Amino acid sequence: MDIKPEVWDHVMGFATELANESEPDRYATTYKDLHDYCEEQSLGGYEHPFLWETLADFTMDDGAAVSLYQRALKLAVGDEARAYRASIQFSLAERHKRLGDDAQAREYAVSADDEARAIDDRELRRRISRFLLSKE
């Protein structure tokens, strides 16, 4: 599932800033800029799971992140989007676990594991397996 190179570059620029930002007000401003950019792309007719997954990754509120990941998951259709589905479903599992919804967390983790079996991402498979084996 190809993404426009200029969209990739723009979103990765925001992601890099957010990952390195330690000042809460600047983080909030950059996050809002990323959110606005994702909305702008959507309103312009360009939808891609990468936009919403990345925004969700940097969302502090687990409930809000779940909604964004679900939006991304709806866009991740077809065999070429399997890696997106695996990653998004695993992120949903982690967020649901933090929200205390263990049943939903396990369901998403099992789905992520099923998707990950068909892609070449051993690190993601290991993380999913550790998650599924954890008792916490």
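Description of the structure in this document.

The rules behind these values
- Residues numbered from 1 in each chain as written.
- Predicted model: local features only at pLDDT ≥ 70, side-chain atom pairs only at ≥ 80, totals over all residues.
- Heavy atoms only, no water.
- Salt bridge = Lys/Arg side-chain N within 4 Å of Asp/Glu carboxyl O.
- Helix = DSSP H or I, 4+ residues; strand = E, 2+ residues; numbered from the N terminus.
- Buried < 20%, exposed > 50% of the residue type's maximum accessible area, 1.4 Å probe, protein only.
- Core = buried A, V, L, I, M, F, W, Y, C linked by side-chain atoms within 4.5 Å.
- Contact = heavy atoms within 4.5 Å.
- Phe/Tyr/Trp six-rings, centres within 6.5 Å; stacked < 30°, edge-to-face > 60°.
- Lys NZ or Arg CZ within 6 Å of the ring centre and 35° of its normal.
- Polar contact = N/O pair within 3.5 Å; in protein donor to acceptor, adjacent residues only side chain to side chain.
- Axes fitted to C-alpha atoms, helices over the stretch in contact; angles between N-to-C directions.
- Parallel < 35°, antiparallel > 145°, perpendicular 65-115°, else oblique.
- Left-handed = near helix turned anticlockwise from the far one by under 90°.
- Nonpolar A, V, L, I, M, F, W, Y, C, P; charged D, E, K, R; others polar.

**Notes on the pattern of salt bridges**
In the structure shown here, the tally under the stated rule is 15 salt bridges. Of the charged contacts in the structure, one is a salt bridge between R85 and E115, with a shortest N-O distance of 2.8 Å. Here E115 lies in helix 6 (residues 102-116) and R85 lies in helix 5 (residues 82-98), a separation of 30 residues in the sequence. You'll find R85 and E115 in the same group, each marked buried. The salt bridge partner of R130 is E123, with a shortest N-O separation of 3.7 Å. Taken together, the shared-partner salt bridges connect D79, R82, R85 and E115 into one network.

**Here's the deal with the nonpolar core**
Core analysis: the biggest nonpolar cluster contains 40 residues, and L51 and I88 have the highest contact counts within it. For this core, the secondary-structure elements that each account for two or more residues are helix 1 (5-20), helix 2 (24-43), helix 3 (49-57), helix 4 (62-75), helix 5, helix 6 and helix 7 (122-133). With near-sequence residues (within four places) excluded, L51 lies in contact with V7, V11, Y37, C38, Q41 and Y46.

**What about the packing of aromatic side chains?**
Scanning all chains against the criterion turns up three aromatic pairs. Aromatic side chains W8 and F50 sit 4.7 Å apart centroid to centroid with 25 degrees between the ring planes, which places their arrangement in the stacked category. On the criterion of sequence distance, the pair formed by W8 in helix 1 and F50 in helix 3 is long-range, its members being 42 residues apart. Given a relative accessible area of 37%, W8 falls into the partly exposed group. With centroids separated by 5.6 Å and ring planes inclined at 85 degrees, the aromatic side chains of F90 and F131 adopt a geometry described as edge-to-face. Of the two residues, F90 is situated in helix 5 and F131 in helix 7; the sequence distance between them amounts to 41 residues. The ring of Y46 carries the charged tip of K4 above its face, separated from the ring centre by 4.4 Å.

**Some thoughts on the environment of S134**
Tracing the backbone shows S134 in the segment after helix 7. Separated by 64 residues in sequence, S134 and Q70 have C-alpha atoms that sit 24 Å apart. Engagement of the side chain of S134 in a polar contact is seen with the backbone oxygen of F131, the distance being 2.9 Å.

**Here we look at the packing of helix 3 against helix 4**
Helix-helix packing is described using two parameters, namely the angle between the two axes and the distance between the axes. Across the interface, helix 3 lies against helix 4 with an axial gap of 8 Å and an inter-helix angle of 165 degrees. It follows that helix 3 is roughly antiparallel to helix 4 by the angle criterion. Crossing geometry of helix 3 relative to helix 4 is assigned as left-handed. On helix 4, the residues that touch P49, W52, E53, L55, A56 and D57 of helix 3 are A65, L68, Y69, R71, A72 and L75. Across the contact of helix 3 with helix 4, the residue classes break down as nine nonpolar, no polar and three charged.

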